[in-house]
Each structure stands twice: as structure tokens, then as C-alpha cells.
Amino acid sequence: TLPLPSDHGELFVGHNHRNGEENNEHHPDPIRAGGWSPLVSDRYQWLEVDLGERTKITAVATQGRYGSSDWLTSYLLMFSDTGHNWKQYRQEDSIGSFPGNSNADSVVQNKLQQPAFARFLRLIPLDWNPNGRIGLRLETYGCPYTSEVVSFDGGSSGLAFRLSPVPRKTSREVVSLKFKALRNSGTLLQAEGRDGLSLSLELERGKLFLLLRRGGTSSSESRRLASLGSLLDDQHWHHVVLEQKNAHLNLTVDKHTEKVQIAAEFNHWDIKQSLDSQKPIVSKRNFHGCLENLLHNGVNLIELAKNNDHQVTVKGNVTFSCAEPVSVAVTFTGPQSFLQLPGATASSSGGVSLGFQFRTWNKAGLLLTFDLPQQGGVVWLYLSEARLRLQIHKGGRALLELTAGSALNDGQWHSVDVTSRRSRLMISVDKEEGGVAHANPPFPVTAGGQLFFGGCPAEDHSQDCENPFDVFQGCMRLLAVDNQLVDLITVQQRLLGNYSQLQIDMCGIIDRCSPSRCEHGGRCSQSWTVFHCNCSDSGYSGATCHSAVYEQSCEAYKHNGNTSGHFYIDVDGSGPIKPQLVYCNMTEENTWMVMQHNNTELTRLKPSAGVKQHSVHFQYSAQEEQLSAAISQSEHCEQELSYHCRKSRLLNTLEGSPFSWWRGGPGSGRIQTYWGGAHPGSQQCSCGLQGDCVDPQHYCNCDADRMEWTEDSGLLTHKESLPVRSLVLGDIQRPGSEAAYRVGPLRCHGDKNFWNAAFFDKETSYLHFPTFHGELSADISFLFKTTASSGVFLENLGIKDFIRIELSSSTQVLFSFDVGNGPLEVLVESRDPLNDNRWHRVRAERNIKEASLRLDDLPVATQEAPTDGHFHLQLNSQLFIGGTASRQKGFRGCIRSLQLNGVTLDLEERAKITPGVQPGCPGHCSSYGSLCQNQGRCVERTNGFHCDCSLSAYTGVFCQTEVSVSFKPGSSVSYTFKEPYELSRNSSALPSSIYSDMTLRGENVSLSFRTNQSPALLLYVSSYYREHLALLINKNGEQDARLIVLPFFNPLHDKQFLDIDQNAREDFNLTSDGEFNAVKSLVLGRVHESDDLDPDLARLASLGFAGCLSVVQFNTISPLKAALLHPDTSPVVISGPLVQSNCGSAGSANPYAEENTHHLSDQSGSVGSGQPLVNAIRTDSALIGGVIAVAIFVIVTALAITARFLYRRKETYRNQEAKEVKQEDSQDFSFNNQAGSQNISTENPKEFFI
């Protein structure tokens, strides 16, 4: 590319004066020897260059005016073919302005990222030296441009080309062209293939569609293959390339490409321009505009048509030039934009006739306003909710309102006509196609004053213009007053009307949704200045729907505190793979991700006539890329494969061909001839590997070919062979053969990415990775823990651009970057210190709209990006993790699960070969220990942690699952403690979760229950010294139910605490001088050994318990858990029916069922110190239910008490109790054998026990 010669074109300069100053447009400023400098320096000046013919322009260079202080610091470039309808040049990242000079002598050259093809160039100064004036010397770089052009009138004109066949060895077809459209719809070309198939390039509402048709007419059935471009009817040239190779086709419009697949019949094309070229009528399906350089495999077809080649047929009015109508548009750019024009002349004062066309993205804005001087009112024509509205207003109220049209903010040109004749007012949109409204006002509507389009002058104090609406942002053209078009060039020269902040002779509309910057299927909408992404139902969030809403694995959900259930998993975060619904099983030590297919049940097969093989294919709920990614990032995957057989062989021999096989792995899978539990390629089953097949001569049980049912089953664990795609079973056709198969769901556990971590022990240590490529969108997420107060987590540099995330202080995380608009920072501050050696999560995102930073669960912080600034992040250095290139401000601590745009960086592998960095990072309980509930203990692991529930009455991954049992009257669970001689003999043994010290300084009992039985014994504890502790529900006549703690021993100054449901805790003092020791057993349900009990309690113990008991705990002993989960290793005896259920869980409690459950509470409420034991159950129904927390603390003050004294004290206690019971008519111990109770009053008097 060389500088264009000075005689290649002419220079034109123009400038305008405002506020009534003299206009010198007819006497342009001379180009002085030192360069161009206009008389007035403002933004209404320009320098125009006529290059004489269309030229390929590749660069421009500027220099200040020689020997002066005059130079430009920034400017705009405009291009045009005709000297009208200018188009602003924008670089790829939407930057419209170019940097200028910093002095008068240096030359600054700006290369165009995409060359411009135009005859006219216009340079518009934006900023200049504040101590000087506008000054410029200009050089344009480029080369000559030759083209062949053809013009179509939109009627019956067209061209048809019969092309020579392409040699069979090359199956590549390329068609390229440029087009300039004068109408927003029409068929550019059609390529016919075999069997009636055709490809069609059609312009529809300014977008270009690639359609596949079957049949050759417009009414033929069509399928859309691709859609590209927008606003392609702007009367500027647009470049299209259609490239086919076999069944792959690329469509490129200007700079954007879309790839599609087409039918293989397209190996040869015949091209026709205009779908309806054979019809002599005018149709909107025909293209109206010009084509340039229509090339097919390098052959210029327009040149063939021009030379009357026999391969070309010309139809209708076709000309080989491009005549363009001059249509001057005006752009309203901002809040200060307006256009003022004189109204109708006096001769037409009898009415109004106004018309114009507009296009916009905004739903609202003032289009036109003028006064009605005779009525003292005002007319407003405006957009509201994308509809056209006309309102006549006078004296603070609306006299008339009209509405027409809808969805007028679609960016298309819409025509508006306002007419008033003979007391009839009418508005129409798009020549009545878009809607019409009319009225008959009782007063004449005239426009004899000033007309204001788009807005009102800011300095207007005469009240001639008033705008209560939003200003208009968009384009207008073909403005007509009294059916006379307004010459906007005259307005530009300030010879007519007035204006402010307008771009005249161009439409500066930009489609910010083409191509859409909304990712992952987000729906794009826009206004004149910004676009918006609707991310609903996409599974992603953020300004551009970039960041994943869902976690990447079941492991991540578990560590958020979730329990088993169905979850959406996004295996690659913000990557292209969509979320998938899986089941997360968190009931085991490992967290399993379960992916189902369409046939996981055991399926039975029988011989069928003519069927030698049975083949079955499995369709998974997840897509192919989801399955592959999930298997890849999991630590372990498995799938059950089982075959049940009777006289049906499976694999036969090691050497022979197998009767059955399966396919597994990516895609359709590879043939596998081994079975579940064996090794890949072994052609064996699990019994062959273990050597225990029913026939030692075979390696599968089924290969023994016996009449008895047998099976070969096991787990497939080789990840490269998973999942199972299909199954072929071959030996099922013989008489008597029967078989059944089952392929289980795919199950995976472990997340390689979630625990991938590195420890940085020095400020100078770091890890480095290849350059991060996040030009348009970048999301970074990781977890960190540290004791340091500052340090850089991540940094990547470019020539000028950079991106960095750092701990700037002990409470602040800072995200900073620069994409060419200057540094931008986003800061999040925490109230609590972040250097607490606990895991904290950081999520940062940067896109073309905004930057955001999230820390843990704190509110997200955001910073908006400039609307028309640079947005490509251009980095070229290595990515530094845990430090910087300068080795300053490094990070000391752990970084885990670092992901950039959904891709996990393998910190551990890189740390293994990097000094100062260690792979892995232990110590997770400080962060996740709170997930272990109900006295569960957090235990560290290398990768993660687990909850030890041995000291808890609960089970489950977080010790949150209740252990519940449904008791029948005959059911019993007896837990036996150590005998005294065993205790003395093994006194050095440590207490365990099974055995406990029998001499107790206090008892802590908690349980949940649900029952309709009263009276009932809930829990009974006995000792070797004939002492006992009973927890029971007592029935008080027919009026009340009470919970009683009955201690049959006499501790001195006993203090007891009773919590029931949500009731306040109550404390009670008992007088005693004994201690409860040598505990023998704990019984739930029916008590079989009740000889030492008084008759009333013995009768109650023999009744048993009917209902639900849950999470029973006596100190550290959990008898139900021991009985159900460890019956072989625990000292428990179970008698009668005992059924494990979820009867104790909240979800099983039905308020309308026969029984109700209330939940455990352990709250210290008001304390009744010194008061006797009282009944604390209060119920409002006949159904008794509750959850008890009983805390009994025994303070031993007597160190030596003889057995005789204890026995005598117990006898005394028993006699005293019997007397008191008799005095109160035995209301408390008149036990009833009925299982249920009648209606019980809510009025519960307190009962006292000594």
C-alpha cells in the first residue's frame, strides 16, 4: 500500500457558523501552505477528499500545521461513494475515533483494521490543541480498486448463470459478492442443486438469511440454515462469501461467519439472481439495489453478463452501473439534539400535511412538536411503548389523543404521515400498513409556527417548544412539509432552520445485537446506546449471560451444605457445554453423581422366531459432551453390567468370537468383549478373574450353559470405556434359552477440579501458565486461604493491557484491568478479616458491558465499561498465579479450584516442578466443619473432609439424618452396659461410642417421639444396684397428659432440667444423698425384666410402646443407631417387630394424620429454681406427640454410702411416694391399658412430685 498521489483527488473543506454568524460554505477556507486550518475551530468543521473514483483505503496519516501550535488530538473518519449518505468508520472493537497528534511536526499513521472502499473521505475534528486551533496535514494510503457492477430495479430484472461443472477432485465451491440494498427485503441469489434442492440468499428486514428449499419457487418449503447481519439496507456496500466444502458451508457477511451443514446433493450449482426473475410483475421478493464483483470460484459472473457470454441469461431491466438516489438522513445522537424547521406557509393555513421516516431502537421519544397559536395549545407526536401517539394539549389537560402502530423500535425505517383537512385529523404509519388513527377535532389543526423534531433547544426561553417526554435518539429522512421535501443540506449550511448535535447526511444507527454479545442463548435487546441480555432459563447470569449459575459437580453442591437430590450440573462452568440435570447421592462417604439412561431396569429376554441377536441402544439424559466432560473430571466412574442366564452363553471362550458384546466410550463407542468386574480386553467375567466360576473350564458363569439360572455381573470402572452405549446379546435363539440383562446408570464420584490446590510459602514464589485469552469475556474463580494481609493472586500483562486480582488488605479484594480505556478497578470489602486461614471464594468477571467481583456471599460489586470504548483484552505475557512478573507483592497461602473461562488450571501438577510451591493444601475443617451437625465431628482428608457421626445420634453425610424406628407394643431394644467386674478388670480401657463409664456424674438424655398412646414408657435405665431412671407419659384421668421424669434414686440436691419442644426450659431441685451408678441397661419399648419396679410402673413397662422413636441418645450412647446400623458389634438385644422408617423426620409429619411429631429443642428459657418436678407437656389435641430434651445433672456429695443405707432410703422414698399417691387418689399412676387417649384439655394444671 502506497500513499495516494496528490493528483489522485481533490480536497474540499467545509465549516458552519452558528448563532447567526456569516456562513462561508460558498467560499471555503483555503488550504494554506502549512496545512488546513479553518477560520473557526469547532466540531462542525470537516475536511473532505474526493479520490476521483472508488479506492481501497488502508491507512491515513495526520500532521499538525507547519510552524504552528495547531494540530488535532482526535478525529473521526467518514466514507461515501457519492458525497452523500456518509458512513462513519469504526475499528473492530467499535471505537469510532482515531488518535491524532501531540505536536505540529510528528506524523501519526492509523492503519484501518479493515480497508475502506470509497471515493470520498471526510475527516471530522473532535479535539485539538487547547492552546492552538484546528490544524492538519493529511496523507491517505491505499491502492486502485476495480469492480464490475450490475443494478436491479426490484421488478422483473435478473440474471441466470449456467455454470461449468467443477472437476470431481475438487468439491469446493466459493461464491462471493458485494451488495448495496435500496430495499430491506429481496432475494440476492439462488443456487440450484440436484433433486430440486436449492440454496437461497435472501434479505429480510435488513438481515441476510441462507435458506434451503426443496422446489424452485418462493412458495416452496424452506428451512433456515443461517442468519447474519443487520441493517443491511443502509445503502452501503456489504461483503458476502458463501463457501462450501462437501457438506460443510460457511456464510460470511462483512466480518462475521456462521458455519452450517447442508445436503450432500450440492456438488454443482447453477446460480440465478432474483428468485422471481421469470415473473414480469414487481414483487418485494425481488432484490432492489446493486451487486458488485459476483465471483464464482474466481470467475467474475457480472463480467460474463456484461460481455454477453452464452452461459448468462439477462432478464428485464439490468444496467451495469449503480445509480443511487440521493437520500439525506439526519441522526439525533443525544439529549441536546433537535431540528427546528419553519412550519407551513400562509396559503396552506387551512390544515397540516407533515411526513417523515424514522428508525430507532428506543421505545420512547419525542418525534415532533408544534404550537397551535389560535387555540393556545400544543401538538406532541411521540413514541411511547414503541407505539406512535399524537396528543393535543391545552391548559394542563389533553384535548385529543391518537395511537397507531406497534413495535416501532425494531430498527427498521417507518414512515409517518400527519394530515389535517376540513376538521379531520389523521395519523398513519407505514402508508397505513402499520396502522392508522383519525379524529374530528372541533378546532382547526395548523402548523404555521415552528416545527421541532426530536427535541427542544436547551436555551429556548420563549416557551415555543416544550418537551415533557424523552428525547428522540435515532434517524430521520424524507422530511416533508406541505408535501415538499426539506433540503437538509441547506439546513446543514444553516441557510434554513436551526439544529444542534445532529449528524446530517448520515444515519448513525448501530445494531448492538448483531452479532449478539449475549452468550449461552441469552436474548439480546437494545436501546440507542446500550444492549441488554435476558439470561432467564439459560442457566447463566451476568451482563452477557457468561457466568454459570450452577455448580460444576455434586462435590461442590455438597460443600455448600446441600443433601441428596436432583441438581443441575454445569461441568465446564462458563464454557460452551450446557447444564445437565443429574441426581447427587450424598448418603455415602463419597458423593455420587448419577446419570440415567432410558433402560436401567432388569429386562428379560426369551427366544423369538427369526431373531438371532438382541440389540439394545441406551439413550442418556445427558448430551454427548456433557457425559464426556463429567467422566473426565471425575476421579472414579462405574456402571453396573449384569447378565442373568439359563442355557444362554455369554462370551464362550478366550479364543473364539464372543456371543455377546457391548459398545462403550465416546460417540457411538468401541466394541468391548469383557464383562462387568473384569479387565478391558480380557474377554472374561468377574468370576474368571477371581477363579470362582461355576465351571472352571470357562471364564463366565453363563458360559457353563446350564439349565439353572445363574448370572455374571459386576462393575465397569474403566473410564475410557464408559458409558455403555449399546448391548448385543447373541445366544438367545435356542430352545430353552432365557436371559435377562441390566445396565445400571452411570455413577461417578470425586471432582478433580474442586480440590486442585497449591500452597505458596514465599512472597517470591509463583506458578506460570500460558497467556490467558479472554478478549471479549473473562471469568475467573478460585478459593483462597491465608494468614497474610496482602498479595497478588493472579496477573497477566500485555503491551498496555493487563488483568490482576489481589488481596489489597486484610479485608479487601481488588480486581483491576485495562483494555485500552485506562485502568478500571472493582473492590469488595469484607467486615471480617480475610486472613483467618479459612477458605474464601472469589469470582470475577469482565465483559464488554461491565466488570463484576464477588467475594463469598457478600453483595456483588460492579463497574460499567465505556459504551463506545475499547473492549478487546489483549494480553501477551505468561499468566502468573500467586505472584507477579516482578516477584513483588506475591501471595502467601493456598489457592484452590482456579478456573479461567470454565477451564481448571492444574495447580498441583505445576507445583510439583516449581520451587517454593507445594501441591495440595490441607486444613478444610476450619471452613467446612460447621457443616457437621448434631455433634458430628469434622475429620480432615487430603482432598476434603468427612463428618464422623459416631458420637451423634444422627447419621448421614453431615450427621443430619434422623435414625427413626416404628415400635409395636411388643417391640424392645435393650442396650447393655459393661458389668462391674469387666469394668474393674479393664479400667485402663478408654470409653468408646459403644461402652461408657457406668458411674455417672450426670445424665443427658434426648429423643424425639410420636405416639397416640397414654400412658406410655418412653425410656427406662436400670442399674446393678436396683436403681432406675424412667421417662414416661402419664395420663391424668380423662383430662390431661403429662411427661414425667421419674428417678428412683436419691441424689443430694439434685438439679434437673427439662426441655420439651419449644417450651421454656424448667429446672427442678431434688433432695437426695445418693448417686446413680453401675448402670446396667437402657431399654426402649417393652421392658421384660420389671421385678424390681413398683406394680404401677411394672404394669406400664409391660405394655410396651406404640409409635415412633427417633434420635435417642443417652450421654454418648445412641441405642437405636447401634441396633439398626451396628447390630453385630454393639451390645444390643432386639425383640419383637422393629421397623426402620423416616417417621421421625419433618417431612413425614402430616398435620392431618393420626400422629404428629414435634422437633427437638435445647433452649435455656426461664428457670424455676427450687421448684418441684412438673408436667411440662401441653397439647391442644387428643394426639400426644413431642420431642423431649431431658438434661439431668447429678451432683454427688456423699463419697461413701452403704448398700443398706441406700436400700433403706429407697424404701423410705417408695413408702412416702405411695402415701402421696394415695392422698391424691392415685391420679398419676392409674395407668390405662388403652393405646389411644380421648380428647385432652389444653388446661394443664402442674403436678408436683417429691
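Basis of the calculations
- Residues numbered from 1 in each chain as written.
- Predicted model: local features only at pLDDT ≥ 70, side-chain atom pairs only at ≥ 80, totals over all residues.
- Heavy atoms only, no water.
- UniProt positions renumbered as here; feature names shortened; annotations may be inferred.
- Helix = DSSP H or I, 4+ residues; strand = E, 2+ residues; numbered from the N terminus.
- Phe/Tyr/Trp six-rings, centres within 6.5 Å; stacked < 30°, edge-to-face > 60°.
- Buried < 20%, exposed > 50% of the residue type's maximum accessible area, 1.4 Å probe, protein only.
- Lys NZ or Arg CZ within 6 Å of the ring centre and 35° of its normal.
- Disulfide = S-S within 2.5 Å.
- pLDDT = per-residue confidence, 0-100.
- Contact = heavy atoms within 4.5 Å.
- 1 Å grid on protein atoms, 1.4 Å probe; cavity = no way out; pocket = protein on both sides within 12 Å on 5 of 7 lines; lining within 4 Å.
- Points joined across faces, edges and corners; volume = space filled by probe spheres on them.
- Nonpolar A, V, L, I, M, F, W, Y, C, P; charged D, E, K, R; others polar.

In the annotation of an unreviewed UniProt entry, the entry for the protein chain reads Contactin associated protein like 3, and the organism field reads Amphiprion percula. Of the comments in the UniProt record for the protein chain, the one headed Subcellular location (unreviewed entry) reads "Membrane".

## With respect to the UniProt feature "domain: EGF-like" (unreviewed entry) in the protein chain
Per the UniProt record, the feature "domain: EGF-like" (unreviewed entry) sits at residues 509–546 and 922–960. Its end C-alpha atoms 26 Å apart, residues 509–546 is made of 0% helix and 26% strand. Across residues 922–960 one finds 10% helix and 31% strand; the C-alpha atoms that close the span lie 25 Å apart.

## So, unusual backbone geometry
The omega torsion of the bond from serine 514 to proline 515 falls at -5 degrees, within 30 degrees of zero and hence cis. Relative to the helices and strands, proline 515 resides in the loop between strand 38 (502–504) and strand 39 (523–526). Cis geometry marks the peptide bond from serine 1014 to proline 1015, where omega comes out at 5 degrees. Take proline 1015: it is sitting in the loop between strand 75 (1002–1011) and strand 76 (1016–1023). Unlike most non-glycine residues, asparagine 293 shows phi in positive territory, near 50 degrees. Looking at where asparagine 293 falls in the secondary structure, it is placed in strand 20 (residues 288–296). A positive phi angle, close to 55 degrees, is found at cysteine 545, a residue other than glycine. Inspection of the secondary structure puts cysteine 545 in the loop between strand 41 (540–541) and strand 42 (547–548).

## Regarding the packing of aromatic side chains
According to the stated counting rule, one finds 30 aromatic pairs in the structure shown. Seen from their ring centres, tyrosine 44 and tyrosine 499 are 6.2 Å apart, and the 65 degrees between their planes marks the pair as edge-to-face. Taken together, the residues span a long stretch of sequence, with tyrosine 44 in the loop between strand 2 (10–14) and strand 3 (46–63) and tyrosine 499 in strand 37 (residues 498–500) at a distance of 455 residues. For the pair shown, tyrosine 44 and tyrosine 499 are each scored as buried. Ring plane angle 75 degrees and centroid distance 6.4 Å describe the contact between tryptophan 86 and phenylalanine 120, whose orientation is recorded as edge-to-face. Here tryptophan 86 is found in the loop between strand 4 (72–80) and strand 5 (87–88), whereas its partner phenylalanine 120 is found in strand 7 (residues 108–128), with 34 residues between them in sequence. Judged on exposure class, the residue tryptophan 86 and its partner phenylalanine 120 are both buried. An aromatic cluster of at least three residues, connected via ring pairs, comprises Phe332, Phe356, Phe358, Phe453 and Phe472. A cation over an aromatic ring shows up here: arginine 122 above the ring of tryptophan 46, its NZ or CZ 4.2 Å from the ring centre. Above the face of the phenylalanine 531 ring, lysine 849 is positioned so that its terminal group lies 4.7 Å from the ring centre.

## Considering the state of the cysteines
In protein chemistry, a disulfide is the covalent bond that joins the sulfur atoms of two cysteines. Considering all chains together, one arrives at 16 disulfides under this definition. Across the disulfide, cysteine 290 is cross-linked to cysteine 322 (sulfur-sulfur distance 2.0 Å). Measuring the twist about the S-S bond at about 95 degrees, one finds the cysteine 290-cysteine 322 disulfide to be right-handed. Taken together, the residues span a long stretch of sequence, with cysteine 290 in strand 20 and cysteine 322 in the loop between strand 23 (318–319) and strand 24 (329–332) at a distance of 32 residues. Put simply, cysteine 685 and cysteine 700 are joined by a disulfide, and their sulfur atoms are 2.0 Å apart. Its S-S torsion of approximately 90 degrees makes the covalent link between cysteine 685 and cysteine 700 right-handed.

## So, the confidence of the model for the protein chain
Detailed conclusions should not be drawn from predicted coordinates in areas where pLDDT is low. Considering every residue of the protein chain, the mean pLDDT works out to 80; 79% of them sit at 70 or more. Segment residues 1049–1059: pLDDT under 50, and 75 contacts once partners within four positions in sequence are set aside and those in other chains are kept. Throughout residues 1149–1250 the model reports pLDDT below 50, and contacts reaching past four residues in sequence, or to other chains, amount to 245 contacts.

## Quick look at the side chain of histidine 924
For histidine 924, the location among the structural elements is in the loop between strand 68 (917–919) and helix 7 (925–928). Non-local contacts of histidine 924, meaning those with residues more than four positions away in its chain, are made with Trp755, Trp839, Arg896, Gly929, Glu940, Arg941, Thr942 and Gly944.

## A look at the layout of surface pockets
Empty space within the second largest pocket amounts to approximately 1,300 Å³. What lines the second largest pocket is a set of 47 residues, and nearest its centre among them are Glu551, Asn560, Arg841, Arg843 and Asp856. Those elements giving two or more residues to the lining of the second largest pocket turn out to be strand 42, helix 3 (554–558), strand 57 (778–785), strand 62 (840–846), strand 63 (850–855), strand 66 (893–900) and helix 7. Residue composition of the lining of the second largest pocket, grouped by class: 15 nonpolar, 19 polar and 13 charged.

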